[in-house]
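Now for the letters of each chain:
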Amino acid sequence: MEKVRQLGRLVNRNRRALAEFEIVFKLLTFLVAVPLFSGCFRLIMKITGYRSLTVENVREQPKHHPRCGTSFLFVVIVVSILISSVLFSFVEVTNTFARMGLHILLLPVIVSITYE
């Protein structure tokens, strides 16, 4: 039980660093996902266009798919960072599990704000 308390104290002392890490991690995840998905979107656009599947035909297609979920995820990430920053600047939550619970409770609010 003492190790859990030590871990809790360590998290409380480094709360700002953990928040900055969370922001950087979310942005890096998005930056890695976009190039991967753009190639898939081009391929899907080509397949649904009923033209022959060649490299030249795929390159002609736009990188953005009309029903792209990646742009929606980017908006969700940005809005969640903003709402969390505003909320947790006013509400001091020191318990890690309580903070995680508040993040989960905020998900419906964030998704309802960012819904297309």
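Rules behind the numbers
- Residues numbered from 1 in each chain as written.
- Predicted model: local features only at pLDDT ≥ 70, side-chain atom pairs only at ≥ 80, totals over all residues.
- Heavy atoms only, no water.
- Helix = DSSP H or I, 4+ residues; strand = E, 2+ residues; numbered from the N terminus.
- Areas by Shrake-Rupley, 256 points an atom, 1.4 Å probe, with all protein chains shown as cover.
- Polar contact = N/O pair within 3.5 Å; in protein donor to acceptor, adjacent residues only side chain to side chain.
- Contact = heavy atoms within 4.5 Å.
- Expected span 1.5 Å × (residues − 1).
- Bend = angle between axes of the 7 residues up to and from the residue.
- Buried < 20%, exposed > 50% of the residue type's maximum accessible area, 1.4 Å probe, protein only.
- Salt bridge = Lys/Arg side-chain N within 4 Å of Asp/Glu carboxyl O.
- pLDDT = per-residue confidence, 0-100.
- Phe/Tyr/Trp six-rings, centres within 6.5 Å; stacked < 30°, edge-to-face > 60°.
- Lys NZ or Arg CZ within 6 Å of the ring centre and 35° of its normal.

Let us look at the overall build of the protein chain. Secondary structure assignment for the protein chain yields 5 helices and 0 strands. Along the protein chain, from the amino end to the carboxyl end, the secondary structure elements read α-α-α-α-α. For the protein chain, the computed accessible surface area is about 8,900 Å², with 71% contributed by carbon and sulfur atoms.

With that settled, consider the side chain of Ser80. Mapped onto the elements, Ser80 comes out in helix H4 (residues 69–90). A polar side-chain atom of Ser80 sits 2.8 Å from the main-chain carbonyl oxygen of Ile77. With sequence-adjacent residues up to four places away left out, Ser80 is seen in contact with Lys26 and Ile110.

Between the first and last C-alpha of helix H5 (residues 96–114) there are 26 Å, a value that for 19 residues agrees with the 27 Å anticipated at 1.5 Å per step. For H5, the principal kink sits at Leu106 and spans about 35°; a proline, Pro108, occurs within the next four residues. The set of residues buried in H5 consists of Leu106, Ile110 and Thr114.

Tallied over the entire structure, the rule returns 1 salt bridge. When the shortest N-O distance is used, the salt bridge between Glu2 and Arg5 registers 4.0 Å. Here the residue Glu2 and the residue Arg5 both occupy positions in helix H1 (residues 2–13), the gap between them amounting to 3 residues, near one helical turn. For Glu2, a relative accessible area of 42% puts it in the partly exposed group.

Before going further, it helps to examine the confidence of the model for the protein chain. Per-residue confidence for the protein chain averages 76 on the pLDDT scale, and 72% of its residues sit at or above 70. Predicted confidence in the protein chain is weakest over helix H2 (residues 15–48), with a mean pLDDT of 72, and strongest over H5, with 85.

What follows deals with the environment of Ala19. Here Ala19 lies in helix H2. Counting along the chain gives 62 residues from Ala19 to Ile81, while the straight-line C-alpha distance between them is 9.6 Å.

Summed over all chains, the structure comprises 1 aromatic pair. Where Phe21 meets Phe25, the ring centres are 6.0 Å apart and the plane angle is 25°; that geometry is what we call stacked. Pair noted here: Phe21 and Phe25 are both in helix H2, with a separation of 4 residues, about one helical turn. Grouping residues by exposure puts Phe21 and Phe25 together as exposed. Across from the ring centre of Phe88, 4.1 Å away, lies the NZ or CZ of Arg99, which sits over that ring.

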